[in-house]
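# Summary of structural features
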Amino acid sequence: MPTGGLGVVVTGAGHGIGRAIARRAAADGARVVVNDLDAAAAQRVAREVGGLAVPGDAAGDPGVDALVTRAALHLGRIDVYFANAGVDVGGGLSAPESDWDRALEVNVRAHVRAARRLIPTWLEQGGGRFVVTASAAGLLTMLGSAPYSVSKHAAVAFAEWLSATYGHRGIVVQALCPQGVRTRMLDDAGPAQELLAHERVLEPDDVAECAWQALRDDRFLVLPHGEVADYYARRASDTDRWLGGMRKLQIRLDGAVS
């Protein structure tokens, strides 16, 4: 699709990947609405890109409704919605219910609520694009972080469902699934950071470039780390062998923790 002049909304755009996507979109002539819970960061990025800051919660119903309404009024039409906001909630079986609730609220239900608000209008207008930042954890897993892994798998599943259900009616859905990216989330990964660092760590700008270029070919899986495609294929073709490899990594992680 032609990318100049698009009306673009980016959630979680105050830092990291979201900020990089907002900057890349603006560099190509897109008109950008910047959302983040951090109002100061949202304002700062909006100034950088010459866009509109709409700070607030992009997960709950009231926040999603306010964001989409204001963005549509400002842009005239929302062409691309980057559902990028996410939270990395660590922990395993001992993770409290509140952490599970938060992970599912931000990493999954936010996408459902945004799609509910956007899809009917896009069907009337003849098309639109919904891009979910789902993480390689949504295709593989993230050791030591059950709520994050499960919620990101659910994000991919919801994106797949949207694509299967509305793709023939002009709605393009894409799942952006990076692995290690130099963001605050990586900095806060604890012992898992060492495992991720053994893979290729990309800069947010690299991920944004990959995401922006993917608008031109409509591919569903957008993989800034090409090796993730190989891991995903191995997981599907021989799941037991893949799980055996993950257990070996878990043993290394256990050793790092101890």
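Scroll up for the structure.
Scope of this entry: the structure provided in the associated data block. Just so it is clear, the structure is predicted and the values come from calculations on it, not from any experiment. (Residues numbered from 1 in each chain as written. Predicted model: local features only at pLDDT ≥ 70, side-chain atom pairs only at ≥ 80, totals over all residues. Heavy atoms only, no water.)

## Quick word on the sheet that holds strand E7 (residues 221–222)
Within the open sheet, the seven strands sit side by side as E3-E2-E1-E4-E5-E6-E7. Their pairing is parallel. Two strands close off the open sheet at either side, each with one partner strand: strand E3 (52–53) and E7. As paired strands, strand E2 (residues 31–34) and E3 are joined by two bridges and run parallel to one another. Across the sheet, residue valine 34 finds its bridge partner in E3, namely alanine 53. Across the sheet, helix H3 (residues 61–75) touches strand E1 (7–10), E2, E3 and strand E4 (80–83), and the angle it forms with E2 is around 155 degrees. (Pairing = 2+ DSSP bridges. Helix = DSSP H or I, 4+ residues; strand = E, 2+ residues; numbered from the N terminus. Contact = heavy atoms within 4.5 Å. Axes fitted to C-alpha atoms, helices over the stretch in contact; angles between N-to-C directions.)

## With respect to empty space enclosed by the protein
Considering all chains together, one arrives at one cavity of 30 Å³ or more under this definition. Put simply, the largest cavity is a space of about 50 Å³. For the largest cavity, the full set of lining residues is Thr11, Ala58, Tyr81, Ala83, Asn84, Ala85, Ala110, His111 and Ala114. Those elements that provide at least two residues to the lining of the largest cavity are E4 and helix H4 (97–125). Per-element accounting of the lining of the largest cavity gives the leading share, three residues, to H4. Class assignment for the residues of the lining of the largest cavity results in six nonpolar, three polar and no charged. (1 Å grid on protein atoms, 1.4 Å probe; cavity = no way out; pocket = protein on both sides within 12 Å on 5 of 7 lines; lining within 4 Å. Points joined across faces, edges and corners; volume = space filled by probe spheres on them. Nonpolar A, V, L, I, M, F, W, Y, C, P; charged D, E, K, R; others polar.)

## What about the packing of aromatic side chains?
To describe a pair of aromatic rings, one takes the distance between the centres and the angle between the planes. Under the criterion given, the structure shown has four aromatic pairs. Note on phenylalanine 158 and tryptophan 161: the rings are 6.3 Å apart at their centroids and 15 degrees apart in plane angle, and the pair reads as stacked. Linking phenylalanine 158 with tryptophan 161, this pair stays in helix H5 (residues 146–166), spanning three residues, or about one helical turn. Arranged with centres 6.1 Å apart and planes meeting at 80 degrees, the rings of tryptophan 161 and tyrosine 166 form a pair that is edge-to-face. For tryptophan 161, a relative accessible area of 47% gives the class partly exposed. Joined through ring pairs, the aromatic side chains of Phe158, Trp161 and Tyr166 make up one cluster. Taking NZ or CZ as reference, arginine 235 lies 5.5 Å from the ring centre of tryptophan 242, over its face. (Phe/Tyr/Trp six-rings, centres within 6.5 Å; stacked < 30°, edge-to-face > 60°. Buried < 20%, exposed > 50% of the residue type's maximum accessible area, 1.4 Å probe, protein only. Lys NZ or Arg CZ within 6 Å of the ring centre and 35° of its normal.)

## Digging into H3
A rise of 1.5 Å per residue sets the reference length of H3, with its 15 residues, at 21 Å; its end C-alpha atoms lie 21 Å apart and thus fit the reference within 8%. Of all the residues in H3, the buried ones are Gly63, Val64, Leu67, Val68, Ala71 and Leu75. Buried residues in H3, looked at end-on, bunch into an arc of 120 degrees, giving them a common side. Across from the buried face of H3, at angles greater than 90 degrees, the exposed residues are Pro62 and Leu73. Buried residues along H3 sit against E1, E2, E4 and H4. Note on H3: the residue one or two positions beyond its end, glycine 76, has a positive phi of about 85 degrees. (Expected span 1.5 Å × (residues − 1). Arc of directions from axis to C-beta.)

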